[in-house]
Amino acid sequence: MSDTTDKDSDVMDEWAAAMAEAGATEEQSAAKPDVRKAPLKDLQDEHRPPPSEEVNLDVILDVPVTISLEIGRTKISIRNLLQLNQGSVVELDRLAGEPLDVMVNGTLIAHGEVVVVNEKYGIRLTDVISPMERVKKLK
C-alpha cells in the first residue's frame, strides 16, 4: 500500500474516533469529513510535514501565474461604454497617488507604486499582504 493511502487511512481512523467521541452514529463517522467546517488550524497542522521533513517546492516553482496591476475601478453602463473613443476619460474610484493593487491570478497580494526602470514601467511593492490575511479574505 502507498504512503498516501496509509495517511488517508490514518486520517479517516482519526476522524472516526473523533466522531465516536462526539456521539455520532456509525454511518456519520464512516462519511468523509467536511473540511469546510474543520478549523483552519487543524487543517494546517494536519497537512504540515513534521519538522524533520523538508518541504520541496521545486515542483511548483515553474507553474505560471498571471500578475496584474489595478489602478482603480469604475462602473459604467453599456451605453456609455460604447460611446468611449480615443481621448475619452474614464474616472476611477481612486485618487491620484494612491497605491496600486498587485493581483496574482485575481487575488490581492500587495500594494505598490509605479516606477520607470530603463524606460519600462515597473512597480515598487510598498505593502505585501500576509498569507494569513489572504486566507482570511477567502472565508
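All of these numbers come straight from a predicted model, not from anything done at the bench.

### Here we look at the overall build of the chain
Helix and strand counts for the chain stand at 5 helices and 4 strands. Starting at the N terminus and walking to the C terminus, you meet the elements of the chain as α-α-α-β-α-β-β-β-α. A burial count over the chain gives 11% of its 139 residues as buried. Pairs at least 24 apart in sequence give 28% of the contacts found in the chain among residues at least 6 apart.

### Regarding the pairing of strand 2 (residues 100-104)
Burial analysis of strand 2 places 5 of its 5 residues in the buried class, which makes it a mostly covered element. Burial along strand 2 is two-sided: the residues Leu100, Val102 and Val104 and Asp101 and Met103 are all buried. Sheet topology note: the strand 1 (residues 67-70)/strand 2 ladder contains 4 bridges and is antiparallel. Directly across from leucine 69, in strand 2, lies its bridge partner valine 102.

### With respect to the pairing of strand 3 (residues 107-117)
Within a regular beta strand, the side chains point alternately toward one face of the sheet and then the other, so they alternate between its two faces. Here strand 2 pairs with strand 3 via 5 bridges, running antiparallel. Paired with methionine 103 across the strands is leucine 108, a residue of strand 3. In sequence, strand 2 turns back onto strand 3 through a hairpin of 2 residues, with asparagine 105 there showing a positive phi of about 50°. Where strand 3 and strand 4 (residues 120-128) come together, 8 bridges link them in antiparallel fashion. Residue pairing in the sheet places glycine 112 in a bridge with leucine 125 of strand 4. Counting the residues in the hairpin turn of strand 3 and strand 4 gives 2 residues, including asparagine 118, whose phi is positive at 50°.

### A word on unusual backbone geometry
For asparagine 105, which is not glycine, the phi torsion reads 50° and is therefore positive. Structurally, asparagine 105 can be placed in the loop between strand 2 and strand 3. Look at glutamate 119: it is not a glycine, yet its phi comes out positive at around 65°. For glutamate 119, the position within the fold is in the loop between strand 3 and strand 4. A residue is classified by how much of its surface remains accessible, and glutamate 119, at 79% relative accessible area, is exposed.

### Focus on the sheet that holds strand 4
With antiparallel pairing, 4 strands are arranged side by side in an open sheet as 1-2-3-4. Only two strands of the sheet have a single partner each, and these edge strands are strand 1 and strand 4. Averaged over all pairs of adjacent strands, the angle between strand axes in this sheet comes to 40°, irrespective of strand direction.

Procedures and definitions
- Residues numbered from 1 in each chain as written.
- Predicted model: local features only at pLDDT ≥ 70, side-chain atom pairs only at ≥ 80, totals over all residues.
- Heavy atoms only, no water.
- Helix = DSSP H or I, 4+ residues; strand = E, 2+ residues; numbered from the N terminus.
- Buried < 20%, exposed > 50% of the residue type's maximum accessible area, 1.4 Å probe, protein only.
- Contact = heavy atoms within 4.5 Å.
- Pairing = 2+ DSSP bridges.
- Axes fitted to C-alpha atoms, helices over the stretch in contact; angles between N-to-C directions.

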